[in-house]
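What follows is each chain in one-letter form.
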Amino acid sequence: MVKLVAQVEGIGLLGPGLDGWTASTALLDGRSPYISQPTVLPTPDGLPPAERRRLGRVVKLALGVGLQATSKAGVDPATLPSVFASSGADGNNCHEICQALSLDERLISPTRFHNSVHNAAAGYWSIATGSRAASNAVCAFDASFAAGLLEAVTQLAVEQTRVLLVAYDVPYPPPLFVKRPIPDAFGVAFVLAPGPSDASLARLTLSFSDSPADRMRDTALESLRASIPAARSLPLLYQLAVRKPAVVNIDYLDGRCIAVEVDPCA
Amino acid sequence: MTELLLKEYTATSCIGHGRAATLEALRGQRGGLAPCTFETAAIDTWTGEVSGIDSERLPAALKQFDCRNNRLAQLGLRQDGFADAVAQSAGRWGRRRIGVFLGTSTSGILQTELAYRRRDPATGALPADFDYAGSQNSFSVADFVRRTLGLEGPAIVVCSACSSSAKVFGSARRMLDADLIDAAVVGGVDSLCLTTLYGFHALQLTSCGPCKPFDAARDGISISEAAAFALLERVPHSLDADAVRLLGVGESSDAYHMSSPQPEGLGARAAMLAALDAADLDPGDIDYINLHGTGTISNDSAESRAVAAVFGDATAGSSTKGATGHALGAAGALEAVICSIALQNGFAPAGINTRTVDPALGIGYLLENRPGRIARVLSNSFGFGGTNCSLVLGRAG
């Protein structure tokens, strides 16, 4: 079996009360109290002004965390194969289309339609960064983060290449919100490398596990973890923030987990 | 890359349920497109509707998954003994050692579209029977297929528009290479819905008649639906000569535009070259190209430039979307199955509906079936967002 080992070289993070990896580490490891506030999303550079104006929150979120991670890692985003993992992609756009289709005129704008694809964020990422590298857009409902991590690390291990993982979710507006109550936008990105480098922050080793998923001690962070698929990454982010070796179990399928052994670099 | 065996494969589309019906339609150069009568759609276009979906019933234990897409998935799994072949593999390798990698673009969104018409007039609430996870969410089809087949291995849905079910071969291949699994159910399931019909219509990309890929008078796509599956395993020591192997997968991005291909086909070219490289083959080793060939002005133009740059005009190619329509997220798997049928039965399928090949598209386009052994084929699938995937498939002997 190929060992599923990856070096974390850069981390991006945006979520309720979480504004970038560096600013968030003290909130995650408990040095400062975590206070939930609505997620603030940046408008990414690199896109033509016309494209930039039309960007939905989901694209701002995915590009925002992706660019944070590549900048931290000091790698050129144009060179990186990428995996974009999301449970539902653009919830607001989906609502607007279903709403329009329920009316007599059934008018959908071309932009709204092409933004409805699940891989819209991956497409805008490729355009904004000029990347022609392979890019995947994947979904595994509540297990989307772990499935995306597994997909990315498998690709890295088999192809011996750096991979960017971006996991992100945004809320649906009502009435879909009632059926899929994701409370706010949350995105996380990792630049993952097959071997150690000066940029390495920690080594991750993945395996399948029958253990229950780890939870967050802080009740507000735990509520975030449980309610947003991309925030299932929080126990891993916590372990990276405290910089201590441990095994973290992250929700996968059938009540199983992906176990991530975290070894921080000295 | 390590070659893989397509141990079993099947397709259900508007040209037929299962391999035998698909082969017969391809041999007879018959298509399955018809004027659009889907649901309440009032669009002047043709579609490729699969017969029998409405009468398909899901088992009571899986009723939360009831939607057109999962009914189509179930109909597809029943053909050609596919589910039995998977059960055999599960018996041999174990349920946890078989992955499920499926592509879809719209999943069960039709269920949501219908639910929005039944909103509570006072509160705007969706009806109580609407199940988001079982229908609309993109993972629904993989969840349903895993439960139907009793599998517990890794699973993912690739949701990259019209390259989705070609890219699943890449995900499965990597997990087999990493020895995380011993077999993989790959495929694509996409079904008609109003979002794609009205959306492509808004982009002025739907054809008024049956689509005519690569024709000088082509005017857009014919949207269709399909379920296509393959069971991938490592290649055993001995194989029948007509066994089909996956030899290469190539993926790339356009970095150009959300809904138009890069005009020179640079992304498409990169995907084809990567697939040939993975298969360790030269362009001259390919006997037939199953083109993405949607029938839009821009796709066929960009794709022909890419194909001409890699292959010149010597390699025969066609788009089978004239027969099957464009099954969007299921197209990659559907066309991989069509290629496998062509490899096994010794003919290169024609691109039907097309009368006059656009002289500006300088490639060897087949207007009639070409009989004769073909050993290796390449299949293209490209999608919105500038996502490209090429597969190389070949006979064992």
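Going by the structure above, here's the rest.
Residues numbered from 1 in each chain as written. Chains lettered and ligands numbered in written order. Predicted model: local features only at pLDDT ≥ 70, side-chain atom pairs only at ≥ 80, totals over all residues.

Engineer: In this structure, what is going on with the overall build of chain A? I would like to understand it.
Structural biologist: A tally of helices and strands in chain A yields 10 helices and 9 strands. A globule of 266 residues ought to have a C-alpha radius of gyration of about 18 Å, and chain A, at 18 Å, matches this closely. Each principal axis of the C-alpha atoms in chain A carries an extent, and together these give about 60 × 40 × 35 Å. In chain A, 72% of the contacts between residues at least 6 apart in sequence involve partners at least 24 apart. (Helix = DSSP H or I, 4+ residues; strand = E, 2+ residues; numbered from the N terminus. Rg over C-alpha atoms; globule rule 2.2 N^0.38 Å. Contact = placed C-beta atoms within 7 Å.)

Engineer: What am I meant to see in helix H12 (residues 331-345) of chain B here?
Structural biologist: Residue and element names in this part refer to chain B. With 15 residues, H12 extends 21 Å between its outermost C-alpha atoms, agreeing within 8% with the 21 Å of an ideal straight helix rising 1.5 Å per residue. With 13 of 15 residues buried, H12 lies mostly within the body of the structure. Residue glycine 346 follows H12 closely and has a positive phi angle near 70°. (Expected span 1.5 Å × (residues − 1). Buried ≥ 20, exposed ≤ 12 C-beta atoms within 10 Å, placed from the backbone.)

Engineer: I would appreciate a short explanation of the interface of chain A and chain B in the present structure.
Structural biologist: The figure often quoted for interface size is the accessible area lost as the parts come together. The partner chain B presents 53 residues to the 50 residues of chain A that form the contact. Counting only elements with at least two residues in the side of chain A that touches chain B, the list comes to helix H4 (91-101), helix H5 (110-114), helix H6 (120-129), strand S4 (135-139), helix H7 (144-159) and helix H8 (176-179) of chain A. Broken down by element, the side of chain A that touches chain B gets its largest block of residues, 7 residues, from H7(A). For the side of chain A that touches chain B, the class distribution of residues is 27 nonpolar, 17 polar and 6 charged. (Nonpolar A, V, L, I, M, F, W, Y, C, P; charged D, E, K, R; others polar.)

Engineer: Sorry if this is basic, but what is going on with the pairing of strand S5 (residues 163-169) of chain A here?
Structural biologist: Regular strands show a simple pattern: their side chains alternate between the two faces of the sheet. All names here are of chain A. Within S5, 7 of the 7 residues are buried, leaving the element largely enclosed by the surrounding structure. Covered by surrounding structure in S5 are Val163, Leu165, Ala167 and Asp169 together with Leu164, Val166 and Tyr168, the residues of both alternating faces. Of the strand pairs in this sheet, strand S3 (residues 82-85) and S5 are connected by 4 bridges, and their pairing is parallel. Its bridge partner being in S5, serine 82 is matched across the sheet by leucine 164. Judged from the 7 bridges that link them, S5 and strand S6 (residues 186-193) form a sheet pairing that is antiparallel. In the strand pairing of S6, alanine 167 is matched with valine 188. (Pairing = 2+ DSSP bridges.)

Engineer: Explain the packing of helix H7 (residues 164-177) of chain B against H12(B) here, please?
Structural biologist: When two helices pack together, their arrangement is given by the angle between the helix axes and by the axis-to-axis distance. Residues and elements named next belong to chain B. One way to put it is that H7 packs onto H12 with a least axis distance of 4 Å and a crossing angle of 75°. Regarding the angle of H7 to H12, the classification is roughly perpendicular. Residues Ser164, Ser165 and Ala166 of H7 form the contact with H12, whose own contacting residues are Ala331, Gly332, Ala333 and Ala336. Partitioning the contact of H7 with H12 into residue classes produces 4 nonpolar, 3 polar and no charged. (Axes fitted to C-alpha atoms, helices over the stretch in contact; angles between N-to-C directions. Parallel < 35°, antiparallel > 145°, perpendicular 65-115°, else oblique.)

Engineer: Would you explain the environment of A:Gly123 in this entry?
Structural biologist: Structurally, A:Gly123 is set in helix H6. Judged by the 30 C-beta atoms lying within 10 Å of it, A:Gly123 is buried. In this structure the C-alpha to C-alpha distance between A:Gly123 and A:Ala137, which are 14 residues apart in sequence, comes to 9.4 Å. Once residues lying within four places of it in the same chain are set aside, the contact partners of A:Gly123 are B:Met258, B:Phe384, B:Gly385, B:Gly386 and B:Thr387.

Engineer: Quick question: what am I supposed to make of unusual backbone geometry here?
Structural biologist: Negative phi values dominate among residues other than glycine, just as trans dominates among peptide bonds. That bond from A:Pro174 to A:Pro175 is cis: its omega, 5°, falls within 30 degrees of zero. By the secondary structure assignment, A:Pro175 is in the loop between S5 and H8. A positive phi angle, near 50°, is found at A:Phe141, a position not held by glycine. By the element assignment, A:Phe141 lies in the loop between S4 and H7. For B:Asn353, which is not glycine, the phi torsion reads 80° and is therefore positive. For B:Asn353, the location among the structural elements is in the loop between strand S13 (347-348) and strand S14 (364-365).

Engineer: Whenever I open this one, H6(A) confuses me. Can you help?
Structural biologist: Because each turn of an α-helix spans 3.6 residues, side chains separated by three or four positions in sequence point in the same direction. For H6(A), the buried fraction is high: 10 of the 10 residues fall into the buried class. Following H6(A) by one or two positions, A:Gly130 has its phi on the positive side, about 70°.

Engineer: Help me out: how do you make sense of the pairing of strand S17 (residues 387-395) of chain B in this one?
Structural biologist: Residue and element names in this part refer to chain B. Along S17, 9 of the 9 residues are buried, which leaves the element largely enclosed by surrounding structure. Alternating residues of S17 divide into Thr387, Cys389, Leu391, Leu393 and Arg395 and Asn388, Ser390, Val392 and Gly394, and every residue in both groups is buried. The pairing of strand S10 (residues 244-253) with S17 spans 9 bridges and is antiparallel. Pairing of arginine 245 across the sheet is with glycine 394, part of S17. Sheet topology note: the strand S16 (residues 376-383)/S17 ladder contains 8 bridges and is antiparallel. Bridge pairing in S17 places arginine 376 opposite glycine 394. Between S16 and S17, which follow one another and run antiparallel, lie 3 residues, and glycine 385 among them has a positive phi close to 90°.

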